[in-house]
Amino acid sequence: QVQLVESGGGLVQTGGSLRLSCAASGFLFTPNSMAWYRQAPGKEREWVATIFPDDATYYQDSVKGRFTISRDNAKNMVYLQMNSLKPEDTAVYYCGVDLSGSHHWGKGTLVTVSS
């Protein structure tokens, strides 16, 4: 059973930093790409960043230079380091994985950036 459990969200002031974590289980972690998504109040869920098995990373333009995705294959963990946070980064952040065409998400962790 695929499980993704996010943690690390909270309330932070504009310009602050947070590090999100995602613990993955129930599938082979190392050969799979992992991603972070977010859903702001009243908006659709959107992709934020992806890390591939070879550690290549890709980011949504709005977070480039501020967010860093990383992974620890030994611990089956994926992280999102978020710096220089802005109020528009306020959202529920989800860890995601696509397995054989079926996408899986965790329950999310709330990030609130106050102005």
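Residues numbered from 1 in each chain as written. Predicted model: local features only at pLDDT ≥ 70, side-chain atom pairs only at ≥ 80, totals over all residues. Heavy atoms only, no water.

Draft legend 1. Main features of the state of the cysteines. Applying the stated rule across the entire model yields 1 disulfide. Between the sulfur of Cys-22 and that of Cys-95 lies a disulfide, 2.2 Å long from S to S. Here the S-S torsion is close to -75 degrees, and the disulfide linking Cys-22 with Cys-95 is therefore left-handed. Of this pair, Cys-22 sits in strand β3 (residues 18-25) while Cys-95 sits in strand β9 (residues 91-99), and the two are 73 residues apart along the sequence. Like Cys-22, the residue Cys-95 is buried in the burial classification. (Disulfide = S-S within 2.5 Å. Helix = DSSP H or I, 4+ residues; strand = E, 2+ residues; numbered from the N terminus. Buried < 20%, exposed > 50% of the residue type's maximum accessible area, 1.4 Å probe, protein only.)

Draft legend 2. Layout of the pattern of salt bridges. The full count for this structure, using the stated rule, is 4 salt bridges. Here Arg-38 ties to Glu-46 by a salt bridge, and the two come within 2.7 Å at their closest N and O atoms. In this structure Arg-38 comes out as buried when scored by relative accessible area, which is 5%. Its salt-bridge partner being Asp-61, residue Lys-64 comes within 3.0 Å of it at the nearest N-O pair. A single network of salt bridges, built from pairs that share partners, joins Arg-38, Glu-46, Arg-66 and Asp-89. (Salt bridge = Lys/Arg side-chain N within 4 Å of Asp/Glu carboxyl O.)

Draft legend 3. The arrangement of the pairing of strand β8 (residues 77-82) in detail. Counting buried positions along β8 yields 5 of 6 residues, so the element is predominantly enclosed. The sheet contact formed by β3 and β8 spans 6 bridges and is antiparallel. If you follow Ala-23 over to β8, its bridge partner there is Met-77. For strand β7 (residues 67-72) and β8, the ladder comprises 6 bridges, and the chain directions are antiparallel. From the neighbouring strand, Ile-69 faces β8, where its bridge partner is Leu-80. The turn linking β7 back onto β8 is made up of 4 residues, and Asn-76 within it adopts a positive phi angle of 55 degrees. (Pairing = 2+ DSSP bridges.)

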